[in-house]
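Spelled out from the first residue to the last, the chains are:
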Amino acid sequence: MKYLLLPILFASFSIVTAQTPCVGGMAGVYPCNGYYLQARITLSDMNASDGNDSWGWTDPQDGKEYALMGLDNGTGFIDISDPTNPIYLGKLPTHTTSSSWRDIKVYNDYAFVVSEANNHGMQVFDLTRLRNVVNPPVTFTEDAHYGGFGSAHNLVINEETGYAFGVGTQTFNGGPHFVNIQNPLNPVGVGGFALDDYSHDGQVIIYNGPDSDYTGREIFIGSNESLVSIVDITDKANPQSISTISYPNVSYTHQGWLTENQRYFLLGDEIDEIQFGFNTRTVVFDLNDLDNPEIHFEYLGPTSATDHNGYVKGDKFYLANYRAGLREINIADIANGNINEIAFFDTYPSNNNASTTGAWSVYPYFGSGNIVISDISRGFFLVKSSAIDTIAPNAVCQNITVALDENGEATVEATLVDGGSSDNSGFYTLSMNQNTFDCTDLGANSVVLTVTDPSGNTDTCTAVITIVDDLAPEIDCPVDNTVVYDAGGSFYTLPDYEAEGTVTAVDNCTANLTIIQDPIAGTQLTEGVYTITFEAVDDEGNTGICSFELTVNEFLSVDSTELNSSLSIYPNPASQIITVASKNQLLENIEIYDVLGKRIFSLEKADPASNVIDISSYSKGMYFLKINNKLTKKIIKN
């Protein structure tokens, strides 16, 4: 509750505490039951004075886990992929000023941050930037910003629809402020709901609970200071109130969370323990009928500590219980009014009194089973249940066929071989003993897929990856050209273009390609226009084809004959320069083509008598010199 929270600063040392088991009810100086301490990072390590909210992100690219912790002066990012050696990567500073209240949620690999700092609005941060942080900690910058509201107490995101809901803002009477974040870098305000006054926190879901009247609708459940508000927000332009409900001994309706079947809502009233003196109270509502919600029962915990944020995962309720730390509550029998605490980790060892200091929030949704606790004065804690998972995952493989690329290579992701593996935790990682292939692997290859669960249990299966080469060779032909009969003959004899180097081909796998010329070399052609075709065949039978048109004349034209008799090209072969000169015929333009028909030199206004051309930069080989667009001569660069 923002009005009564008075942060108390405790002396802390700038340390990262590595794994500490829970022995005899203590993990070092911290009381515990069923949890050991993975690591701790102090506020001073993060250059902050106060901690607040926390959330998490799992990188879909490699499964690495990152903790996001709210601080008075910004948002801290922590790499927890090695949970006993976490790395504080750096901070996204507050958009305006420092504040004791900051809230973070995640959508589509972006973090969204609000604060009660004046004019803070909503920051947007691309979490994929955490993948390659050099020399941490660093100071990050926001990637986008939404200014449709200033301060906000909290933020709710529905990841199924791509909408964020700022609550406790100065808009819509403090009710939810709707923002379309489907394009995370361009948030767009689309309305809000003001009828049930100030929303301190909330949850938004696509409803699939027991009340069939609302199946498929987008439902907002708000914790609104003195009551719980249920609103149909499917139509953002016209949200509809469904119902409200309160309960005895209301002090401050703070935050709640639905069970996974969406039947029950577990609510924490932040100040009731302080005002009325009973132990930690969780009010459980039955939402079997959204139009007529009912109080199902109240649960009182074993301490007098004040409750704050609580989240449901499976049949467990994970509660940030301020001075009593994290409390794990079994809710498997919630339908019969029976829930009970089964484990805890206390980040505030001094006492369990009713007060608004200690554990602010928890994040229990990592596949590894690691749980984040953000403590107001003691910073970041990472804990894990000491219960041992000994059940191996079930590895299921499928055979696949993969084609090599233009470089004769292929990289195969393990997910392509996964045929529906599973684990009791709901999470697993995949690896293969071989995932890169080349031309030497053509055909069937047996690979082993290893499936590993968060507790390190593994299972394997074997798949066949068939590597194929279905890419045709790339073949290049010369440009269309004109030739004359052989000297003193009555025909033109086709050369071996491959041997000349005027037809070339390359392939991703086959080094020595077979090139078939049609008509074949040595064919005698009389006057006419002929299509000369070439086919390159690789070892897999893939073919590449190219062709060009060859015009055969008995004689050169009169102009070409005169130009030919007048022309001098020297030296030929040459390594540096060539001189093109004409005694009687005027030179108008000169072009040079490589053997593949690509023009590499053009002189549009040639000197009528003599021209020097620099060929020093050309590669060694054969080139074609075209004069006045009439006559073509071969030159050799050596």
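Located above this text is the structure these notes cover.
Below you will find a few notes about this structure. Note that the structure is a prediction, hence the values are computed from the model and not measured.

Now for the state of the cysteines. One pass over the structure, following the stated rule, counts four disulfides. Covalent S-S linkage joins C397 and C461, the inter-sulfur distance amounting to 2.0 Å. When the S-S torsion is 80°, as for the bridge of C397 with C461, the disulfide is right-handed. Linking C397 in the loop between β32 (379–385) and β33 (400–403) with C461 in strand β38 (residues 458–468), this pair joins segments that are 64 residues apart in sequence. Here C397 falls in the partly exposed class, since its relative accessible area comes to 21%. Take the cysteines of the chain that form disulfides and number them in order along the sequence; they join up as 1-2, 3-5, 4-7, 6-8.

Strand order across the open sheet formed by five strands is β5-β6-β7-β8-β12, with mixed pairing between neighbours. Each edge of the open sheet is held by one strand with a lone partner, namely β5 (51–58) and β12 (138–139).

Applying the stated criterion across every chain yields a total of 13 salt bridges. The closest approach of N and O atoms between D272 and R281, which form a salt bridge, is 2.8 Å. K634 is the partner of E500 in a salt bridge, and the nearest nitrogen-oxygen pair spans 3.3 Å. Of this pair, E500 sits in helix α3 (residues 497–500) while K634 sits in strand β53 (residues 631–637), and the two are 134 residues apart along the sequence.

What follows is about the pairing of strand β51 (residues 610–614). On a regular strand, each side chain points to the face opposite its neighbour's, so the side chains alternate between the two faces of the sheet. The alternating pattern of β51 places N611 and I613 on a buried face and S610, V612 and D614 on a face that is not buried. Relative to β51, strand β48 (residues 577–582) is paired through five bridges, and the arrangement is antiparallel. Following the sheet pairing, V580 is matched in β51 by N611.

With respect to the helices and strands, D232 occurs in strand β20 (residues 228–232). You can call D232 buried: its relative accessible area is 7%. A polar contact is formed between the side chain of D232 and the side chain of R217, at a distance of 3.0 Å. If we ignore the near neighbours within four places in the chain, the residues touching D232 are Y214, R217, E218, I219, P239, Q240 and I242.

Before going further, it helps to examine unusual backbone geometry. Between Y570 and P571 the backbone carries a cis peptide bond, its omega angle lying at -15°. Examined against the element boundaries, P571 turns out to sit in the loop between β47 (567–570) and β48. Between N572 and the following residue, P573, the backbone shows a cis peptide bond with an omega angle of 10°. Checked against the element boundaries, P573 lands in the loop between β47 and β48. For D197, which is not glycine, the phi torsion reads 65° and is therefore positive. The residue D197 is located in the loop between β17 (188–192) and β18 (201–206) in this model. Since its relative accessible area comes to 44%, D197 is described here as partly exposed.

Scoring rules and cut-offs
- Each chain carries its own residue numbering, running from 1 in the direction its sequence is written.
- Predicted model: local features are reported for residues with pLDDT of at least 70 only, side-chain atom pairs are reported and counted for 80 or more only, and whole-chain, interface and lining totals are derived from all residues.
- To obtain the side-chain values, all non-hydrogen atoms of the structure were used and water was disregarded.
- Counting rule for disulfides: a pair of cysteine sulfur atoms within 2.5 Å.
- Only DSSP runs of H or I with at least four residues qualify as helices, and only runs of E with at least two residues qualify as strands; both kinds are numbered from the N terminus onward.
- Only protein chains enter the accessibility calculation, which uses a 1.4 Å probe. A residue is then buried if its area is under 20% of the maximum for its type, exposed if over 50%, and partly exposed in between.
- Two strands form a pair only when DSSP identifies at least two bridges running between them.
- Salt-bridge detection follows one rule: a side-chain nitrogen of Lys or Arg within 4 Å of a carboxyl oxygen of Asp or Glu.
- Think of a polar contact as two N or O atoms within 3.5 Å of one another; within protein, one of them needs to be a possible hydrogen donor and the other a possible acceptor, and neighboring residues in sequence only count if both atoms come from side chains.
- Throughout, a residue-residue contact means that at least one pair of heavy atoms, one from each residue, lies within 4.5 Å.

Shape is all these values report; function is a separate question.
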